[in-house]
Amino acid sequence: MQENSRQVMINNDEAGKQPILEVCNLRVNFHLDEGLLKAVNDVSFAIGRNEALGIIGESGCGKSVTAQSILKIIPSPGRIESGTIVFRQKHGGEIEVTDLDQYGEEIRRIRGREIAMIFQEPMTSLSPVHTIGNQIIERILLHRTPDKREARNIAVAMLHEVRMPDPAKRIDAYPHELSGGLRQRAMIAMALSCKPSLLIADEPTTALDVTVQAQILELIRKLQREFDMAVMYITHNLGVIAELSDKVAVMYLGKVVEFGTKRRVFRNPLHPYTRLLFRSIPRVGRAKGQKLDAIEGNVPLPIGLPDACPFVGRCPRAIPGTCDVAVPGSGEVEAGHLVRCFLFPESRPEVEVEKEKSAACGVGSARTGVDDA
């Protein structure tokens, strides 16, 4: 079966200036008996080469489905309805992922080799009936070398790279024989065994204690520099984003409500949702017995949503007659700092923005190179 994909070759100089990944107006729906669930609703962002993008938001905001879309592993009955995902390979190939058959050879070549993913819980992602070595070696044999001895040597070297104790022995261990931290290291070794251009880390440290969490995050940052990778972090942990990311995308109810450099978003959060997220962070010096600031209410189920700002029901600054009757489009408040909120005149109703959209994304390649000023 021939893939219906767009793949063009560009020279290396051009490739170095363009984002490695560009997501434009992505919409992912789940067709349920209860109705149409809009998990990802018009999401756009770009990740530059060697850059780290952090995607934050509460559970149910569409972060993980966005990541699954990039690898075409959206669980049924979800599917990409519209939008584009363009991935630019190390050696000049440009592939429109949305055109690929999710079961085809081309996307299988990309998964693991070009784009790798670390999942939230290694115990459910690693096979319990195969050793960690066999699982790493299988990927190396598929993407790097047909020689089994060489593949095993590479696997041992990768386990050593992720600071696995006694890697020559641990390679023959089963997942249940390892601690949570060592299982996560094994998963990182498997993800990086083919030296991908882009690593997606979906809540990579949620199940780990604080000490191991810090070790794993520092390890990912070290390997990013060594392997010259771009990294996409998906998390609800603002501390992780503050420590590791270059740019930040704040998601709420399937939409990116704020996007900018880490410095701008953390120093000057604009969207009410972003502000409330930052206020909910525990702080040193809080008085004994003082309650944490919390965002009232819960993320609603994205089925049958009204034509209104998705955050209107929980927003303390909602404007009656505006926020409850129209969906804000993404507006650029300052260079490279975008926000979806009617509190800012740059954000106009989404229907108006839709009419003016050109081939370029709202957060496209031109914005990837914005200085962190």
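Thresholds applied
- Residues numbered from 1 in each chain as written.
- Predicted model: local features only at pLDDT ≥ 70, side-chain atom pairs only at ≥ 80, totals over all residues.
- Heavy atoms only, no water.
- Helix = DSSP H or I, 4+ residues; strand = E, 2+ residues; numbered from the N terminus.
- Buried < 20%, exposed > 50% of the residue type's maximum accessible area, 1.4 Å probe, protein only.
- Areas by Shrake-Rupley, 256 points an atom, 1.4 Å probe, with all protein chains shown as cover.
- Core = buried A, V, L, I, M, F, W, Y, C linked by side-chain atoms within 4.5 Å.
- Salt bridge = Lys/Arg side-chain N within 4 Å of Asp/Glu carboxyl O.
- Contact = heavy atoms within 4.5 Å.
- Phe/Tyr/Trp six-rings, centres within 6.5 Å; stacked < 30°, edge-to-face > 60°.
- Expected span 1.5 Å × (residues − 1).
- Pairing = 2+ DSSP bridges.

**Student:** Sorry if this is basic, but what is going on with the overall build of the protein here?
**Tutor:** A count of helices and strands for the protein gives 14 helices and 13 strands. Put simply, the protein has 373 residues, and 52% of those count as buried. In the structure as shown, the protein presents an accessible area of about 17600 Å², 50% of it carried by carbon and sulfur atoms.

**Student:** Would you mind showing me how to read the nonpolar core here?
**Tutor:** Side chains of nonpolar character tend, in soluble globular proteins, to be buried together. Formed by 101 residues in total, the largest nonpolar core has its most connected members in Leu21 and Phe45. No other element matches the eight residues that helix α8 (residues 180-192) contributes to this core.

**Student:** It is not clear to me how the pattern of salt bridges should be interpreted in this structure. Could you clarify?
**Tutor:** If the charged atoms of two oppositely charged side chains come close together, the side chains can form a pair. Scanning all chains against the criterion turns up 15 salt bridges. The shortest N-O distance in the salt bridge between Asp42 and Arg340 comes to 3.2 Å. On the criterion of sequence distance, the pair formed by Asp42 in strand β3 (residues 35-47) and Arg340 in the loop between β13 (337-339) and α13 (350-356) is long-range, its members being 298 residues apart. Here Asp42 falls in the buried class, since its relative accessible area comes to 5%. For Arg340, a relative accessible area of 6% gives the class buried.

**Student:** Can you help me understand the side chain of Thr66 in this one?
**Tutor:** Structurally, Thr66 can be placed in helix α2 (residues 63-71). Setting aside its immediate chain neighbours within four residues, Thr66 contacts Val40, Phe45, Met232 and Met251.

**Student:** Teacher, can you tell me more about the packing of aromatic side chains here?
**Tutor:** Any two aromatic rings considered together are summarised by their centre-to-centre distance and by the angle between their planes. Taken as a whole, this structure holds four aromatic pairs when the rule is applied. Both rings, one in Tyr252 and one in Tyr273, keep their centres 4.6 Å apart while their planes meet at 55°; by these two values the pair is tilted. One end of the pair, Tyr252, is in strand β10 (residues 247-252); the other, Tyr273, is in helix α12 (residues 272-279), and 21 residues separate them in sequence. Ring centres of Tyr273 and Phe311 lie 5.2 Å apart, and the angle between their planes is 65°; on these two criteria the pair is classed as edge-to-face. Here Tyr273, found in helix α12, pairs with Phe311, found in the loop between α12 and β12 (331-334); they are 38 residues apart in sequence, far enough to count as distant. The two residues Tyr273 and Phe311 agree in class, both being buried.

**Student:** Explain the environment of Gln184 to me, please; I cannot follow it from the model alone.
**Tutor:** Tracing the backbone shows Gln184 in helix α8. The spacing of Gln184 and Val212 is 28 residues in sequence and 9.8 Å in space, taken between C-alpha atoms.

**Student:** Sorry, what's going on with α8 here?
**Tutor:** Counting along an α-helix, one turn takes 3.6 residues, and residues three or four places apart therefore face a common direction. With 13 residues, α8 should reach 18 Å at 1.5 Å per residue; the first-to-last C-alpha distance of 18 Å fits that figure. With 12 of 13 residues buried, α8 is to be regarded as a mostly interior element.

**Student:** I'm lost on the pairing of β10 in this one. Help?
**Tutor:** Strand residues, when the strand is regular, have side chains that alternate between the two faces of the sheet. Burial within β10 is extensive, with six of its six residues counted as buried. Neither face of β10 is left uncovered, since the one carrying Lys247, Ala249 and Met251 and the one carrying Val248, Val250 and Tyr252 both have all their residues buried. By the bridge criterion, four bridges tie strand β4 (residues 52-56) to β10 in an arrangement that is parallel. Within β10, the position partnered with Leu53 by the bridge is Lys247. Pairing geometry for β10 and strand β11 (residues 255-261), over six bridges, is antiparallel.

Any functional reading would require information beyond the geometric quantities listed.
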